[in-house]
Amino acid sequence: MPAWIDALRRLWRSRREHAEPDETFWKAVESTLPFLHNIPPTARERVRRLAARFLATKTFYGAHGLPITDLLAGNIAWQAALVAHRTGLGIYDDFVGVIVYPEPFRVRRRFADEIGLVHEFDDELYGETWEGGPVIVSWGTDEEEGMQVVLHEFAHRLDLADGALDGVPLLPPSLPRARWERVMATALQRLQDELDAGKSPPLDPYAEEGPEEFFPVATETFFAEPEALAVWDPTLFAALCEVYGMEPARSR
């Protein structure tokens with residue numbers, strides 16, 4: 001059994017014994033979220049309840065000696081709960097924990113090209129997730145890099161909830177798959193066109209990698225810079241309001 005799995009299980013047992021988070025705890029957690037003012041107060045109450053359940057049922061493992069403080073775990077749980085605001089925590093049932101690195105981490109990649117030649121290289125990642133496995137994030141990069149790594153990786157989990165990592169999250173009945181795919185395809189094409197023209201759209205350029213990365217990057221912007229996203233593409237913004245069951249504030 002890999003050491004990190006055993007560690008996650010031990011941490012899970014110890015966390016179940018912790019007291020229920022109180023108002024003081026949540027205020028401290030929320031003070032670390034630079035986009036909190038964008039989240040409607042009514043939504044925050046549900047997010048807190050979901051985050052408390054996330055803390056009680058998931059575990060956190062600090063890689064490379066990173067200490068997992070209550071505040072760090074609470075921050076991640078709050079963002080995971082924000083992504084699950086409409087759907088509930090069932091979208092996270094297939095994994096037991098979160099691995100947190102103190103900085104971006106490297107993984108060894110290996111693939112064969114079209115003529116069968118095998119290539120290997122080191123890939124630097126800020127986060128990673130896959131079906132049935134833990135969510136992996138790096139800590140301390142969000143504000144300095146302009147990235148919301150936790151939101152990004154948990155948006156991948158929402159995408160995976162229907163069984164495929166394809167940029168189509170678990171959708172509400174009000175938003176048919178065909179309409180979401182049209183909205184996303186139009187926005188993705190616009191992003192690519194603007195980047196090619198030397199413009200600076202509000203979405204990180206990584207979104208042009210394809211639908212599977214466009215959705216989590218759009219999620220980052222939806223919560224962190226809703227005004228900019230609504231101005232850039234009001235149709236995409238409205239669709240994301242349906243996906244997440246809330247409308248972030250677009251001005252302070």
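This text follows the structure it describes.
Nothing here was measured: the structure is a model prediction, and the numbers come from that model.

1. Description of the overall build of the protein chain
Line of reasoning, step 1. When helices and strands are counted, the protein chain shows 10 helices and 6 strands.
Line of reasoning, step 2. Contacts spanning at least 24 positions in sequence make up 63% of the contacts within the protein chain whose residues lie at least 6 apart.
Line of reasoning, step 3. Per element, the accessible surface of the protein chain, about 12400 Å² overall, is 51% carbon and sulfur.

2. Concerning a negative patch on the surface
Line of reasoning, step 1. Taken together, the side chains of Asp193, Asp196, Glu208 and Glu209 define an acidic patch exposed on the protein surface.
Line of reasoning, step 2. Residue placement: Asp196 occurs in helix H7 (residues 177-196).

3. So, the environment of Gly62
Line of reasoning, step 1. Checked against the element boundaries, Gly62 lands in strand S1 (residues 59-62).
Line of reasoning, step 2. Given a relative accessible area of 15%, Gly62 falls into the buried group.

4. Overview of the packing of aromatic side chains
Line of reasoning, step 1. Considering all chains together, one arrives at 13 aromatic pairs under this definition.
Line of reasoning, step 2. Measuring from ring centre to ring centre gives 6.0 Å for Trp180 and Phe215, while their planes differ by 90 degrees; the resulting arrangement is edge-to-face. Here Phe215 lies in helix H8 (residues 211-224) and Trp180 lies in helix H7, a separation of 35 residues in the sequence. Grouping residues by exposure puts Trp180 and Phe215 together as buried.

5. Considering the nonpolar core
Line of reasoning, step 1. Of all hydrophobic cores here, the largest spans 67 residues; its most connected members are Phe54, Trp78, Tyr92, Phe154, Trp180, Phe214 and Tyr244.
Line of reasoning, step 2. It is helix H4 (residues 70-83) that provides the largest number of residues to this core, a total of 9 residues.
Line of reasoning, step 3. Beyond its immediate sequence surroundings of up to four residues, Tyr92 is in contact with Phe54, Lys58, Ala80, Val83, Ala84, Phe154 and Arg157.

6. Brief notes about the pairing of strand S6 (residues 135-138)
Line of reasoning, step 1. Residues Val135 and Val137 line one face of S6 and the alternating positions Ile136 and Ser138 line the opposite face, and both faces are buried.
Line of reasoning, step 2. One ladder, built from 4 bridges, connects strand S2 (residues 97-101) with S6; its direction is parallel. Looking across to S6, one finds that Tyr101 is bridged to Ser138.

What counts and what doesn't
- Residues numbered from 1 in each chain as written.
- Predicted model: local features only at pLDDT ≥ 70, side-chain atom pairs only at ≥ 80, totals over all residues.
- Heavy atoms only, no water.
- Helix = DSSP H or I, 4+ residues; strand = E, 2+ residues; numbered from the N terminus.
- Contact = heavy atoms within 4.5 Å.
- Areas by Shrake-Rupley, 256 points an atom, 1.4 Å probe, with all protein chains shown as cover.
- Patch = residues over 30% accessible without salt bridge, like charges linked within 9 Å, V, L, I, M, F, W, Y side chains within 5 Å.
- Salt bridge = Lys/Arg side-chain N within 4 Å of Asp/Glu carboxyl O.
- Lys, Arg positive; Asp, Glu negative; His and termini not counted.
- Charge placed at Lys NZ, Arg CZ, Asp CG, Glu CD.
- Buried < 20%, exposed > 50% of the residue type's maximum accessible area, 1.4 Å probe, protein only.
- Phe/Tyr/Trp six-rings, centres within 6.5 Å; stacked < 30°, edge-to-face > 60°.
- Core = buried A, V, L, I, M, F, W, Y, C linked by side-chain atoms within 4.5 Å.
- Pairing = 2+ DSSP bridges.

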